[in-house]
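Single-letter residue listing:
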Amino acid sequence: MSEDNSLWVTTICSFTVLAAVSLSYKFIEPNQGLDWRCHAAYAAVAVTLVAFLPASMASYIFTELTVTLVGCVYPIYRATKAVCTPEENDDKEWLQFWMLGGVLFMLTTWVDDIINTEKANAVWLGSLLFIFFWLYFPLTCGALLVYDNITEPFLGPRLKPLQKQMSNFILAVYQTLANATHLYLVWIIFMFLPAGFKRVVAIAIGTVYPFVCSVTAAATEDIEDDTYWLTYWAVYGCLFLFMDLSEIVMGRIPGFYTLVILATIYLMLPMFRGADKIFRKILVPLAGLQELLILRDSIQIKKQMLKDLDPERAKLVSKSIAKFFNDDGEKDADPAVLKGELMQSWSALKIPKIKLSFGKSEEEVDKTPTETTNLV
């Protein structure tokens, strides 16, 4: 078979596997991974296919493209959709995947470069493929099992103090590097390092601290930190794919890994919130999920409003917002008119009088004004 035909067959096989993965995730009811028979059957199928699939077929199925689609591209889409949907449980579910599968994918991309034989490479890529799929296959839910049995009881409590120390260290480093002289010296030293070492540093910066933060976030009930780090992993996954695909050509260009590191820091640190900006401006439109994200934002605004305002004021604000969104060209939906109505409604509320006695007794505060106070 010619090289062009081989490429087409490989591409078709990879996207066929991706379609099967997508359909299974969509239509199979998850069982929380509690049935050991499903794990046993999955392991048996995986071992059989990886070990005994003819080399002529394995070379088209167990490829880097297939592993990338199943282990990174599809999880990026699912993570993006999880952040956009009003349900919050899927945020924690896919964050658990990225804590394991995402880090595994990024830390093992170099292994196939050192494997010499085609058979060994197919076995390695096939094993990775089934590991990634095991983590989110509805009948195994491997990431959930690891979370329930390892992450929550063991890793979460032990990594929380480490997260605080790392956060303080990163803040100190950032404040130090804010000095242009220090930053220039670090950049000069970094530029003379070998390309392989610079790649390791870039990946470590993008995975180690986010992994620790993701573990501690997943171990808490708060959903906001889960969403924050899931957003980061979705965007950083795209950045990593760009680095992995382009470094063959651009890796030797001075400053390439420096730009990758700076982009990672921009995505990662809360002071920039770069991942959220890229997520909303690029990933969400590409996935066609703008409406879902707007719906989720509206729900979050309502929750925050109910949290910050008393029930009567929250009700008034809700009515004004609803009237604005139901705008059919009516004058009542004009922002200025709504503001006036809202202010008028607030003034009609019974606002308790605040007595500023400043240590005086209530009798002294309510006492009839004297001549001195009348002059004032």
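On a predicted model such as this, the values are computed, not experimentally measured, just so you know.

Our focus in this paragraph is the overall build of the chain. Counting its regular elements, the chain contains 18 helices and 0 strands. Out of the 376 residues in the chain, the part that is buried amounts to 36%. Put simply, 75% of the contacts in the chain that link residues at least 6 apart link residues at least 24 apart. Counting every atom, the chain has about 22,900 Å² of accessible surface; 66% of that belongs to carbon and sulfur.

Taken as a whole, this structure holds 25 aromatic pairs when the rule is applied. Consider the rings of Trp94 and Phe97, whose centres lie 5.5 Å apart with planes at 65 degrees: the pair is edge-to-face. Of this pair, Trp94 and Phe97 both sit in helix H5 (residues 89–107), separated by 3 residues, roughly a single helical turn. The exposure class of Phe97 is buried, given its relative accessible area of 1%. Between the aromatic rings of Phe133 and Phe137, the centroid separation amounts to 4.8 Å while the plane-to-plane angle is 45 degrees, which identifies the pairing as tilted.

Bringing helix H15 (residues 311–325) into the picture now. The end-to-end C-alpha distance of H15, which contains 15 residues, comes to 21 Å, matching closely the 21 Å that a straight helix rising 1.5 Å per residue would cover. Looking at H15, one finds that the buried residues are Ala314, Leu316, Val317 and Ser320. Across the axial projection of H15, the buried residues extend over an arc of 160 degrees, all falling on one side. The exposed residues of H15 that point more than 90 degrees off its buried face are Pro311, Glu312, Lys315, Lys319 and Phe325.

A few words now on the packing of helix H4 (residues 64–84) against H5. Two elements in contact, H4 and H5, have axes separated by 10 Å at closest approach and are oriented at 155 degrees. Regarding the angle of H4 to H5, the classification is roughly antiparallel. Where H4 crosses over H5, the two elements pack in a sense that is left-handed. Contacts between H4 and H5 involve Val67, Thr68, Gly71, Cys72, Pro75, Ile76, Arg78, Ala79, Ala82 and Val83 from the former and Asp90, Asp91, Trp94, Phe97, Trp98 and Phe105 from the latter.

The final tally for this structure, using the stated rule, is 7 salt bridges. In this structure, Glu247 engages Arg199 in a salt bridge whose closest nitrogen and oxygen atoms are separated by 2.7 Å. Placement of Glu247 in helix H11 (residues 224–250) and of Arg199 in helix H10 (residues 195–218) is noted, with a sequence separation of 48 residues between them. Accessibility assignment for this pair places Glu247 and Arg199 in one class, buried. Notably, a salt bridge pairs Arg280 with Asp276, separated by 3.3 Å at the nearest N-O pair.

With that settled, the discussion passes to the nonpolar core. In terms of nonpolar packing, the biggest core is built from 76 residues, with Trp98, Tyr136 and Trp229 touching the most fellow members. A per-element tally of this core places H11 first, with 12 residues. Contacts of Trp229, omitting those with residues within four sequence positions, involve Leu95, Tyr209, Pro210, Cys213, Ser214, Ala217 and Met268.

Here Phe133 shows up in helix H7 (residues 118–136). The buried category is assigned to Phe133, whose relative accessible area is 14%. Measuring from C-alpha to C-alpha, the distance between Phe133 and Val67 comes to 9.6 Å, with 66 residues separating the pair along the chain. Once residues lying within four places of it in the same chain are set aside, the contact partners of Phe133 are Val21, Ser24, Tyr42, Val70 and Thr140.

All right, on to the environment of Leu239 then. Tracing the chain through its elements places Leu239 in helix H11. A relative accessible area of 16% places Leu239 in the buried class. Distance from Leu239 to Thr264, taken between C-alpha atoms, is 8.0 Å for residues 25 residues apart in sequence. Discounting residues that sit within four places of it in the chain, Leu239 has contacts with Val260, Ala263, Thr264 and Leu267.

Let us look at the confidence of the model for the chain. Predicted confidence across the chain gives a mean pLDDT of 81, with 81% of residues reaching 70 or more. Per-residue pLDDT stays below 50 along residues 353–376; that stretch engages in 5 contacts with residues further than four places along the chain or on separate chains.

Let us now look at a nonpolar patch on the surface. Among the surface-exposed residues, Phe242, Ile248, Val249, Met250 and Ile253 lie close enough to one another that they form a single nonpolar patch of about 530 Å² accessible area. Here Phe242 is to be found in helix H11. Overall, Phe242 belongs to the partly exposed group, its relative accessible area being 45%.

Conventions adopted
- Residues numbered from 1 in each chain as written.
- Predicted model: local features only at pLDDT ≥ 70, side-chain atom pairs only at ≥ 80, totals over all residues.
- Heavy atoms only, no water.
- Helix = DSSP H or I, 4+ residues; strand = E, 2+ residues; numbered from the N terminus.
- Buried < 20%, exposed > 50% of the residue type's maximum accessible area, 1.4 Å probe, protein only.
- Contact = heavy atoms within 4.5 Å.
- Areas by Shrake-Rupley, 256 points an atom, 1.4 Å probe, with all protein chains shown as cover.
- Phe/Tyr/Trp six-rings, centres within 6.5 Å; stacked < 30°, edge-to-face > 60°.
- Expected span 1.5 Å × (residues − 1).
- Arc of directions from axis to C-beta.
- Axes fitted to C-alpha atoms, helices over the stretch in contact; angles between N-to-C directions.
- Parallel < 35°, antiparallel > 145°, perpendicular 65-115°, else oblique.
- Left-handed = near helix turned anticlockwise from the far one by under 90°.
- Salt bridge = Lys/Arg side-chain N within 4 Å of Asp/Glu carboxyl O.
- Core = buried A, V, L, I, M, F, W, Y, C linked by side-chain atoms within 4.5 Å.
- pLDDT = per-residue confidence, 0-100.
- Patch = residues over 30% accessible without salt bridge, like charges linked within 9 Å, V, L, I, M, F, W, Y side chains within 5 Å.

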